[in-house]
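# Chains, contacts and geometry: an overview
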Amino acid sequence: MSDLTGMAKQRILSGVQPTGSLHVGNYFGAIRNWVQGQYEYDNLFCVVDLHAITVPHNPATLAQDTYTIAALYLACGIDLSCSTIFVQSHVSAHSELTWLLNCLIPMNWLTDMIQFKEKAVKQGENVGVGLLDYPVLMSSDILLYDADKVPVGEDQKQHLELTRDIVDRVNHQFGTPKELVLKRPEPLIRAEGARVMSLTDGSKKMSKSDPSDLSRINVLDSPEMIQQKVKKCKTDPIKGLEFGNPERPECTNLLTLYMLFSGKSKDDVIEECQDMGWGQFKPLLTEAAIAHLQPIQQRYKEIVDDRAYLDSVLREGGQKANEIANRTLNRVRKALGFLLPL
Ligand code: TRP
């Protein structure tokens, strides 16, 4: 894709898994940044349903959860004039490139991954091969589209490092300096990258896998639920509110959330809230959260109710993604010496 100067825009690829509900940590940490940066780039956003089955999943909800994430992308402001939305499993090249890459990298690159080790401990005895292979699938997502940049949070950095190691290895073994097989992606780390923490423990990240729903505000929570959750969230007995006191992680987190929801600057939030107690602050945070999420929820409802529209977005997105991905897959097949499909 080109802009007015005729220069090709750099390409971005990212994805969210259709598991559980999207919370405001995912929203402020990922999707909102994609939306804000999207006009500078040529973007591909996928719903990574193949990743969602790397841990035990519910077949009764997978398709609906996939629609939900796609509709949320649109409701949060992903603009189809510069972005493509598609479902990972609709592009079979993701699975195929994963196989090819599996055969080219050593096992210990995967067994050493931090997230694998953490998730494997949680799974106990029943660790699937897919969980081990998760980072290779993620690498395929990125490499099939020759992505220049990948917006990643702290927890995904190691996966992007692995992707870059795979690129170097494949190019070294099967490419020439003039004809590289794979493009090396860069991480895109945004300066403000606010980390949203749990409502019940300000030192832990807000997470889909926390058993308590009170620990997170979901993008689709009703105003009543948001009010309940803010009312019950953890605070401290200290008077006055402040950012950055290591003894008061909840205070920093709740002020950060207020800043993000209200769109006010940090200085303005400090000015406004420094002399407040929790009783005064909580209604303010509640109101800001509801006001920010309400228009997203409204758009979400309209989109999700128009199944024909959503299907057409995913069909067209899938077609475009397939075209790009199959071109790359053929390039890799050729480099590896395969007889190409006749
Ligand atoms: N692993 C990512 C996460 O859990 C999701 C993901 C899958 C992804 N494929 C990707 C992110 C490709 C960026 C690029 O957040």
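Notes on the structure in this doc start here. (Residues numbered from 1 in each chain as written. Predicted model: local features only at pLDDT ≥ 70, side-chain atom pairs only at ≥ 80, totals over all residues. Heavy atoms only, no water.)

### A word on the packing of aromatic side chains
Under the criterion given, the structure shown has 8 aromatic pairs. Note on Tyr258 and Phe281: the rings are 5.7 Å apart at their centroids and 80° apart in plane angle, and the pair reads as edge-to-face. A residue pair is termed long-range when its members are at least 10 positions apart, and Tyr258 in helix H10 (residues 249-262) and Phe281 in helix H12 (residues 278-305) qualify at 23 residues. Note that Arg307 overlies the ring of Tyr67, its terminal NZ or CZ placed 3.7 Å from the centroid. (Phe/Tyr/Trp six-rings, centres within 6.5 Å; stacked < 30°, edge-to-face > 60°. Helix = DSSP H or I, 4+ residues; strand = E, 2+ residues; numbered from the N terminus. Lys NZ or Arg CZ within 6 Å of the ring centre and 35° of its normal.)

### Points about the pairing of strand S3 (residues 83-87)
Counting buried residues along S3, 5 of its 5 residues qualify, which places the element largely inside the surrounding structure. Here S3 shows a buried face lined by Ser83, Ile85 and Val87 and a second buried face lined by Thr84 and Phe86. The sheet contact formed by strand S2 (residues 42-47) and S3 spans 5 bridges and is parallel. If you follow Cys46 over to S3, its bridge partner there is Phe86. (Buried < 20%, exposed > 50% of the residue type's maximum accessible area, 1.4 Å probe, protein only. Pairing = 2+ DSSP bridges.)

### Quick look at the nonpolar core
Ranked by size, the top nonpolar core spans 59 residues in total, and within it Val24, Tyr73, Phe261 and Phe281 carry the most contacts. In terms of residues, this core owes the most to one element, H12, which gives 9 residues. Apart from residues lying up to four places away in sequence, Val24 is in contact with Gly29, Val196, Met206, Ile217, Val219, Leu257, Phe261 and Leu293. (Core = buried A, V, L, I, M, F, W, Y, C linked by side-chain atoms within 4.5 Å. Contact = heavy atoms within 4.5 Å.)

### A look at the packing of helix H1 (residues 24-37) against H10
With their axes 12 Å apart at the nearest point, H1 and H10 run at an angle of 55° to one another. Taken together, H1 and H10 sit at an angle that is classed as oblique. Every pair of crossing elements has a handedness; the one defined by H1 and H10 is left-handed. Within the contact between the two elements, H1 uses Val24, Phe28 and Arg32 and H10 uses Leu257, Leu260 and Phe261. In terms of residue class, the contact of H1 with H10 is made up of 5 nonpolar, no polar and 1 charged. (Axes fitted to C-alpha atoms, helices over the stretch in contact; angles between N-to-C directions. Parallel < 35°, antiparallel > 145°, perpendicular 65-115°, else oblique. Left-handed = near helix turned anticlockwise from the far one by under 90°. Nonpolar A, V, L, I, M, F, W, Y, C, P; charged D, E, K, R; others polar.)

Just geometry here; none of it tells us what the structure is for.
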